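Letter by letter, the chains look like this.
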Amino acid sequence: MAILPILQFPDPRLKEKSAPVTGVTAEVSAFIDDLLETMRAFPGCVGIAAPQVGNQSRIVAVDVSVHRRGSQEENHGLLVLVNPEILAMGGKQLVREGCMSVPDYTANVQRAQWVLVDALSREGKQVILEAIGFEAVAIQHEVDHLDGYLFLDRVSSIKTDLFRRKRYR
Ligand code: NI
């Protein structure tokens, strides 16, 4: 297991589209362990995507149970999603987001209130799940990473919705 370095904006690798995983091999599984250890190294971090550590594979992890808001809502705890696909989404919410790859800023981003997701579990089994509220936001944010989007790309007004912060928390 290892804590992996996080790529930071404006690293061009964060703008790339990641490739589907063809099978959850032992190598992929070992990488997922590292990805989780890296996420856990940042207290309060609710999600991570493989391309953030320079691995252009469609793998994300989400765990909103460690977050003030997320823990108060219905959530799945730790989710590892391989090849996640958002099948449907609905509703609207405006949420303040941050990202380990953009440590100096937070922003208000408009996201769907719920998502229906199809993915493989880390055991390689198909899972279909519905997420709401903050967990739905985290999933949308992480799936965006797989397509080369950062929350900065989702901000409607840089003037009013983007905020500088002193440290990552
Ligand atoms: Ni992020």
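Residues numbered from 1 in each chain as written. Predicted model: local features only at pLDDT ≥ 70, side-chain atom pairs only at ≥ 80, totals over all residues. Heavy atoms only, no water.

Novice: Tell me about the packing of aromatic side chains, and name the residues and values.
Specialist: Per the counting criterion, the structure on display carries 0 aromatic pairs. One residue, Arg-154, lies across the ring of Tyr-149, its end atom 4.8 Å from the ring centre. (Phe/Tyr/Trp six-rings, centres within 6.5 Å; stacked < 30°, edge-to-face > 60°. Lys NZ or Arg CZ within 6 Å of the ring centre and 35° of its normal.)

Novice: Any details on the coordination of the nickel ion? Residues and values, ideally.
Specialist: Coordination of the nickel ion by the protein is provided by Cys-99 (SG), His-141 (NE2) and His-145 (NE2), with metal-donor distances spanning 2.1 to 2.3 Å. All donors of the nickel ion come from a single chain, and their spacing in sequence reads C-x41-H-x3-H. In this pair, Cys-99 sits in the loop between strand S4 (93-97) and strand S5 (105-111) while His-145 sits in helix H2 (residues 133-146), placing the two residues 46 residues apart along the sequence. (Donors = N, O, S within 2.8 Å, 3.2 Å for Na, K, Ca; no water. Helix = DSSP H or I, 4+ residues; strand = E, 2+ residues; numbered from the N terminus.)

Novice: Tell me about the sheet that holds S5, and please be specific about residues and values.
Specialist: Hydrogen bonds between backbone groups are what pair the strands of a sheet, and the pairing can be parallel or antiparallel. Spatial ordering of the open sheet is given by S4-S5-S8, a layout of 3 strands whose pairing is antiparallel. Edge positions in the sheet fall to S4 and strand S8 (162-164), since each of these pairs with one other strand and no more. Strand-to-strand twist in this sheet, taken as the mean axis angle between neighbours without regard to direction, amounts to 20°. Pairing analysis gives 5 bridges linking S4 to S5, with the strands arranged antiparallel. Looking at the pairing, Leu-94 lines up with Gln-110 of S5. (Pairing = 2+ DSSP bridges. Axes fitted to C-alpha atoms, helices over the stretch in contact; angles between N-to-C directions.)

Novice: Could you give me a rundown of the layout of surface pockets, with the residues and numbers involved?
Specialist: Considered as a void within the structure, the second largest pocket measures approximately 250 Å³ in volume. Lining the second largest pocket are 14 residues, with Ile-86, Met-89, Val-143, Asp-144 and Asp-147 sitting closest to its centre. Looking at the lining of the second largest pocket, the elements that each hand over two or more residues are strand S3 (79-90), S5 and H2. Here the lining of the second largest pocket is composed, by residue class, of 5 nonpolar, 3 polar and 6 charged. (1 Å grid on protein atoms, 1.4 Å probe; cavity = no way out; pocket = protein on both sides within 12 Å on 5 of 7 lines; lining within 4 Å. Points joined across faces, edges and corners; volume = space filled by probe spheres on them. Nonpolar A, V, L, I, M, F, W, Y, C, P; charged D, E, K, R; others polar.)

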